[in-house]
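# Analysis of the macromolecular model
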Amino acid sequence: MMNNHFADIILPLAYKGQFTYALPDEFAGSVRRGSRVLVQLGNRKLYSGIVSRIHNTPPPTRNIRPLLSVLDPEPVVNEIQLKLWSWMAEYYMCSVGEVMKAALPSDLCLEGLAEAPVTEKYKPREETFVRLKEPFSEERLNEILDSLARAPVQLRILTVYLDLAGYIPGGSMQPVRKNLLLREAGAAYGSIDGLLKKGILDLFEMETGRLVDYDRPLEALKELTSEQLRALKELQKIFSDKNTALLHGVTSSGKTELYIHLIDEQLKKGKQVLYLLPEIALTTQIIQRLQKHFGPLTGVYHSRFSNAERVEIWNRVGGLYNARDYKLVIGARSALFLPFRNLGLVIVDEEHDGSYKQQDPAPRYNARDSALVLASLHGARSVLGSASPSIESYYNTLSGKYGLVELKQRYGSVRLPQIILADSREAYRKKLMVSHFTPQLLGAIDNALANNEQVILFQNRRGFSPYLECPECGWILKCVQCAVSLTYHKGIASMVCHYCGYSSSIPSHCGNCGSPGLQTRGFGTEKIEDEIKIVFPSARVARMDQDTTRGKNSFERILRSLEEGQTDILIGTQMISKGLDIENLTVVGILNADNLLNFPDFRAHERSFQLMEQVSGRAGRRTKTGKVVIQTSDPGNRIIRLVLNHDYRNMFKIQMEERKAFNYPPFCRMIRISVKHRDRALLNAFSDFLARDLKAVFGKRILGPEYPPVSQVQLWYIKNILVKLEREQPVSRAKMQISRAIERLMKEKGASSLRISVDVDPY
């Protein structure tokens, strides 16, 4: 055994203790912190785990299993990643194993049975290449070419090969893909065999990878405007004193161009940069803009990549196996887990966006906050960017925690869009509505189409109709597993639950009274698509929501069509609200602002303002002034009036007053404990037990237990307990007390069938 002959291993499990294994002598020198190893757990299961510590303190148990094998020549996880995992596990009250499972590409997480061999999921992609059998002299090569005069196909293949390989007498040659050679030579697959038998050419396998590098000429950076230059200098000044700055710039103010100059500074220093975006849909346009300047240094990471592609991106960011480095990574929230070695800058664009928050499963982390911790571990700087910052981030600038830089003008002095409020209630009363469209919106669309301009329509609900209802008795078809109505999807002729995925056929009769003629209620993006085609039959219409973007390249296809002017009207959910920069897009319609405002959440008004402001910002981003039509049954609503004037500061002021009065963030910290059970009575009993236990420690800081708006999902009944903690008090002790209370509950008879999850900062 080695001197330090034990290793603590992180396994991808929801277990908060340590797994300690013995280190056999054969692994001396090959096992380090961050190494990926194979171990046995229990009698049958095998897992790959990550070494977190090597030591010589034997665990209290007698039977200590040895490591079975070391899976990689180099550690796949570095020291800073392990520190980040540890922080996330502690802060978000989960196990390090759950963080590991979220962090690593799934092809690096092996699992199997002891009686069967466990094999690697990831296999490097190899292709067949062609080379000369030996380094022929120029004279000998000419002789070979002359000898092939009577074999024209072979002569053509060899000639094309020499051209593709970049042959120069005495110089080096590039390997040539066999498929490329045969295609360029116009030859059949077996045509090369004669050259192989004659000992002229040789075939060999070479790893090529699955990722395609940018190979076009790079463009110089654009010169900044005086306003952008001022903002850049302010950011640089802030970074001499603070690690984090908030860039508050109105939509189309040129924030991305500022980011590009900041990125360029870091790359010239040899540093890496992480550029986070909340939605995969946003990456397409941003990637194109950044690759034009930074080319093959730019990598992209999100869930639409295959597992094998994610491993290759991981290796490139970590500089593993001589892979070409990615210095700049653009990605959704999971990109923060990549093995950065020398991070100089973190950019969190649209920092206010709720998509940065992971809901299920654990770790239920906020990527924005975790990215700031990652930056601090690297000693890097962070920029949070938004046209409508989160209340918490803006509050942090006022308290001096973050620096603040503002861009108040649109790039090129383009005017902010004109916003029109359309009273849908009045239009319905006067019978002026056409389907779900007010006269003001129809007029704006009509004018845009007449001028060959483009339109986007925002409806934050997918499907055709939220539910079907019996007009006789009011019966609504509900999910058999969840306490929600099934959404009608006309395109697939099904009723679908958006919580568990359950689907059923469309009923022809009421399930209660048997009456025929069920009616649709409400509307989603699918219905809007159908009806806008009827109202504007010559318009080219597309839709962007979860249903139309399931394919790997579906985002790119829809956006390319919009950019190239092949789409006149794009209908979509939140996906279309951010980042779109389309020159000819002049009209934006928000079809149902009331849906956003009337949501049971303390952040509903803030998020409504942000969403409407972001959607509005898509209109008129170049020379033409945009027009935004907000349809609402309550045009006097104060949040809508603030959107009308792009008045972020007053929205912030109003929200701060309300949150202080009712003790909501940023004036307190919140932890939500969700208790789930398949039996409603037992759930009530166990959740009451936990709430009493917590109230004995925290008193009035405990709210609940209460059923959430959706009180059952996948046959599990749910009750929530909310913990509100003073901002000034250290939260670690409170978390420890919450964990102990949960442990006490789980020791109660029958509690083993409970599911309990803890969500820190559940907003």
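Definitions and limits used
- Residues numbered from 1 in each chain as written.
- Predicted model: local features only at pLDDT ≥ 70, side-chain atom pairs only at ≥ 80, totals over all residues.
- Heavy atoms only, no water.
- Helix = DSSP H or I, 4+ residues; strand = E, 2+ residues; numbered from the N terminus.
- Buried < 20%, exposed > 50% of the residue type's maximum accessible area, 1.4 Å probe, protein only.
- Contact = heavy atoms within 4.5 Å.
- Lys, Arg positive; Asp, Glu negative; His and termini not counted.
- Charge placed at Lys NZ, Arg CZ, Asp CG, Glu CD.
- Salt bridge = Lys/Arg side-chain N within 4 Å of Asp/Glu carboxyl O.
- Pairing = 2+ DSSP bridges.
- Core = buried A, V, L, I, M, F, W, Y, C linked by side-chain atoms within 4.5 Å.
- Axes fitted to C-alpha atoms, helices over the stretch in contact; angles between N-to-C directions.
- Parallel < 35°, antiparallel > 145°, perpendicular 65-115°, else oblique.
- Left-handed = near helix turned anticlockwise from the far one by under 90°.
- Nonpolar A, V, L, I, M, F, W, Y, C, P; charged D, E, K, R; others polar.
- Polar contact = N/O pair within 3.5 Å; in protein donor to acceptor, adjacent residues only side chain to side chain.
- pLDDT = per-residue confidence, 0-100.
- Expected span 1.5 Å × (residues − 1).
- Arc of directions from axis to C-beta.

## Some points on the overall build of the chain
When helices and strands are counted, the chain shows 22 helices and 32 strands. Counting only C-alpha atoms and orienting by the principal axes, one finds that the chain spans roughly 90 × 80 × 65 Å. The burial tally for the chain puts 53% of its 763 residues in the buried class. Here the contacts in the chain between residues at least 6 apart in sequence split such that 74% fall between residues at least 24 apart. In the chain, which carries 102 positive and 83 negative side-chain charges, the distance between the mean positions of the two groups comes to 5 Å.

## Details of the pattern of salt bridges
Counted under the stated rule, the structure contains 40 salt bridges. Its salt-bridge partner being D8, residue R53 comes within 3.1 Å of it at the nearest N-O pair. Taken together, the positions of R53 in strand β4 (residues 45-55) and D8 in strand β1 (residues 6-10) put the pair 45 residues apart, joining distant regions of the chain. Connected via shared salt-bridge partners are E392, R603, E606 and R659.

## Side note on the sheet that holds strand β7 (residues 126-132)
Overall, antiparallel pairing links the three strands, which are arranged β8-β7-β9 in an open sheet. Of all the strands in the sheet, just β8 (176-177) and β9 (201-207) have a single pairing partner and so form its edges. Relative to β9, β7 is paired through seven bridges, and the arrangement is antiparallel. Along β9, the bridge assignment pairs V130 with L203.

## A few points about the nonpolar core
Judged by nonpolar contacts, the single largest core of 148 residues is most densely connected at W85, I263, L274 and Y275. Counting residues per element, this core draws most heavily on helix α1 (residues 79-91), at seven residues. Apart from residues no more than four positions distant in its own chain, I263 is found in contact with V273, Y275, L290, F294, L328, L345 and I347. Grouped together as the second largest cluster of nonpolar side chains are 21 residues, I144, L162, A185 and L201 included.

## So, unusual backbone geometry
A cis geometry characterises the amide bond from A362 onward to P363, with omega recorded as 0°. In this fold, P363 is placed in the loop between β14 (343-349) and α11 (367-378). A positive phi angle is found at D761, which is not glycine, with a value near 55°. Checked against the element boundaries, D761 lands in the segment after β32 (755-760).

## Focus: the packing of helix α18 (residues 604-616) against helix α20 (residues 648-662)
Helix packing geometry: the angle between the two helix axes and the distance between the axes. Viewed as axis vectors pointing N to C, α18 and α20 meet at an angle of 170°, and their least axial separation amounts to 10 Å. The orientation of α18 relative to α20 falls into the category roughly antiparallel. Read as a crossing pair, α18 and α20 show a hand that is left-handed. The segment α18 lies against α20, with H605, E606 and F609 engaging Y648, M651, Q655 and R659. Among the residues forming the contact of α18 with α20, the class breakdown is three nonpolar, two polar and two charged.

## Examining the sheet that holds strand β21 (residues 494-496)
Strand order in the open sheet formed by three strands is β20-β21-β22, with antiparallel pairing between adjacent strands. Looking at which strands have only one partner, the edges of the open sheet turn out to be β20 (487-489) and β22 (503-504).

## Describing the pairing of strand β16 (residues 403-407)
Burial analysis of β16 places four of its five residues in the buried class, the great majority of the element. Direction of pairing for strand β10 (residues 244-249) relative to β16: parallel, over a ladder of five bridges. Across the sheet, L247 pairs through a bridge with V405, a residue of β16.

## Looking at the packing of α1 against helix α2 (residues 96-103)
Between α1 and α2, whose axes approach to 8 Å, the crossing angle comes to 120°. Judged on the interaxial angle alone, α2 and α1 are oblique. For the crossing formed where α1 meets α2, the hand is right-handed. Along the contact surface, α1 presents W85, M88 and A89, while α2 presents V96, V99, M100 and A103.

## Some details on the environment of C470
Inspection of the secondary structure assignment puts C470 in the loop between β19 (467-469) and β20. A relative accessible area of 1% means that C470 is categorised as buried. Taking the C-alpha atoms as reference, C470 lies 8.7 Å from N512; in sequence the two are 42 residues apart.

## Considering the environment of D545
For D545, the location among the structural elements is in the loop between β24 (541-544) and α16 (554-563). Measuring from C-alpha to C-alpha, the distance between D545 and F555 comes to 9.5 Å, with ten residues separating the pair along the chain. For D545, the residues in contact, after removing those within four places along its chain, are R462, T525, T573 and M575. Within the structure, D545 has its side chain in polar contact with the side chain of T525 (distance 2.6 Å).

## Quick notes on the confidence of the model for the chain
When the pLDDT values of the chain are averaged, the result is 91; 98% of them are 70 or greater. Ranking the elements of the chain by mean pLDDT puts helix α9 (residues 280-294) last with 81 and α11 first with 98.

## What to know about helix α21 (residues 680-698)
Here α21 contains 19 residues, and its C-alpha end-to-end distance of 26 Å stays within 8% of the 27 Å for a straight helix at 1.5 Å per residue. Looking at α21, one finds that the buried residues are L683, F686, S687, L690, A691, D693, L694 and F698. Down the axis of α21, the smallest arc covering the buried residues is 160°, so these residues share one side. Residues of α21 that are exposed and angled more than 90 degrees away from the buried face: A681, R692 and A696. Between the side-chain oxygen of the N-cap and the backbone nitrogen of A681 there are 2.9 Å, and the N-cap of α21 in question is D679. Backbone geometry just downstream of α21 places G699 in the positive-phi region, at approximately 60°.

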